[in-house]
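# Geometric and topological summary
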Amino acid sequence: MKTQELITSYDEINDTFVSKIKNKNGFYADFDISDGIILAIDKNNLPTSIFVNNASDVFNVDKNIFDDSEILISIECDEADIDFEIFVGCKRIYYVKSNNDFEIPVFRCIMQN
């Protein structure tokens, strides 16, 4: 599994969290994998970015948590499931396992800034 460098931003006014893999542009498809977590993949079916509207509600955290610069996102996808985790400052703040109803191919990816 390759670790990708992540660029993250958080808009506190709109409560929007966005993360993008550095040096990746464009996307092939977007998938709402759970609770408004949007995963964008490229033509090689690898993640390029993640968008979360109402992030503090989705992750059930205070808005100030995104001030921490250490953010790690882990995504594992197989034929049946998608596992999504986000860590802020070495603490897991969110985990969800959802059905892979989108036929996203198998991949494992760790993204961190």
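Notes on the structure follow. (Residues numbered from 1 in each chain as written. Predicted model: local features only at pLDDT ≥ 70, side-chain atom pairs only at ≥ 80, totals over all residues. Heavy atoms only, no water.)

Ranked by internal contacts, the top residues of the largest apolar core, which has 32 residues, are Phe 17, Phe 59, Ile 73 and Phe 84. Those residues in contact with Ile 73, other than ones at most four positions away along the chain, are Leu 6, Phe 17, Ser 19, Ile 50, Phe 84, Glu 85, Ile 86, Cys 109, Ile 110 and Met 111. (Core = buried A, V, L, I, M, F, W, Y, C linked by side-chain atoms within 4.5 Å. Buried < 20%, exposed > 50% of the residue type's maximum accessible area, 1.4 Å probe, protein only. Contact = heavy atoms within 4.5 Å.)

The subject of this paragraph is the pairing of strand 5 (residues 47–53). In the sheet, strand 2 (residues 16–21) pairs with strand 5 via five bridges, with the strands oriented antiparallel. Each bridged residue has a counterpart across the sheet, and for Val 18 the counterpart in strand 5 is Phe 51. Judged from the five bridges that link them, strand 4 (residues 37–41) and strand 5 form a sheet pairing that is antiparallel. For Ile 41, the partnering residue across the bridge sits in strand 5 and is Pro 47. Hairpin geometry of strand 4 and strand 5 is characterised by an intervening segment of five residues between the two adjacent antiparallel strands and by a positive phi of about 65° at Asn 45. (Pairing = 2+ DSSP bridges. Helix = DSSP H or I, 4+ residues; strand = E, 2+ residues; numbered from the N terminus.)

Considering all chains together, one arrives at six salt bridges under this definition. Note that Glu 76 and Arg 108 form a salt bridge whose closest N and O atoms lie 3.6 Å from each other. Remark: Arg 108 occurs in strand 9 (residues 107–112) and Glu 76 occurs in strand 6 (residues 71–77); sequence separation between them is 32 residues. When salt bridges with common partners are traced through the structure, they connect Asp 81, Asp 83 and Lys 97 into a single cluster. (Salt bridge = Lys/Arg side-chain N within 4 Å of Asp/Glu carboxyl O.)

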